[in-house]
Amino acid sequence: HRGYAAFLKSGALQGDRAAILGLGTLGLTTAALFANAGIAMTGFTNQTPEAQVTRAFGLRDVVPKEAGTYADSFDHVVVSTNSWSCAAPMQQSRF
């Protein structure tokens, strides 16, 4: 599972902040892995997911992908989508 591999590679610790770009099946399951380890998760998406679904997968916040630059807001960033131009500032953290 790519999400599990990203989690292991990240070295994320309880209390860290992480972003997941893309909230499809891979993004949601990756968010759940991080959240279950005590990492505060924020999801970025171009969709409008149901709030109860995102909470069930451990996401604290869901942000539209056009919302702006958050490059310094997270300890870890996981890209679970093909490509987004808004992800460019975060590319150095990409798994």
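What you see is a predicted model, and the numbers here were worked out from it, not measured in a lab.

**Quick look at the overall build of the protein**
Then, in step 1: Along its length, the protein carries three helices and four strands.
Then, in step 2: Of the regular secondary structure in the protein, the N- to C-terminal order runs α-β-α-β-α-β-β.
Then, in step 3: Within the protein, counting contacts between residues at least 6 apart in sequence, those at least 24 apart form 53% of the total.
Then, in step 4: Taken as a whole, the protein presents about 5500 Å² of accessible surface, with 47% of it coming from carbon and sulfur.

**Points about the confidence of the model for the protein**
Then, in step 1: Put simply, the protein has an average pLDDT of 83, and 81% of its residues get 70 or more.
Then, in step 2: For the protein, per-element mean pLDDT is lowest for helix 1 (residues 2-10), which scores 87, and highest for helix 2 (residues 25-36), which scores 94.
Then, in step 3: Low confidence marks residues 91-95, where pLDDT is under 50. Its contacts with residues over four positions away, or in another chain, come to eleven contacts.

**Concerning the environment of Ala67**
Then, in step 1: Along the polypeptide, Ala67 turns up in the loop between strand 3 (59-64) and strand 4 (76-79).
Then, in step 2: Overall, Ala67 belongs to the partly exposed group, its relative accessible area being 40%.
Then, in step 3: It is 8.7 Å that separates the C-alpha atoms of Ala67 and Phe44, two residues lying 23 residues apart in sequence.

The rules behind these values
Residues numbered from 1 in each chain as written. Predicted model: local features only at pLDDT ≥ 70, side-chain atom pairs only at ≥ 80, totals over all residues. Heavy atoms only, no water. Helix = DSSP H or I, 4+ residues; strand = E, 2+ residues; numbered from the N terminus. Contact = heavy atoms within 4.5 Å. Areas by Shrake-Rupley, 256 points an atom, 1.4 Å probe, with all protein chains shown as cover. pLDDT = per-residue confidence, 0-100. Buried < 20%, exposed > 50% of the residue type's maximum accessible area, 1.4 Å probe, protein only.

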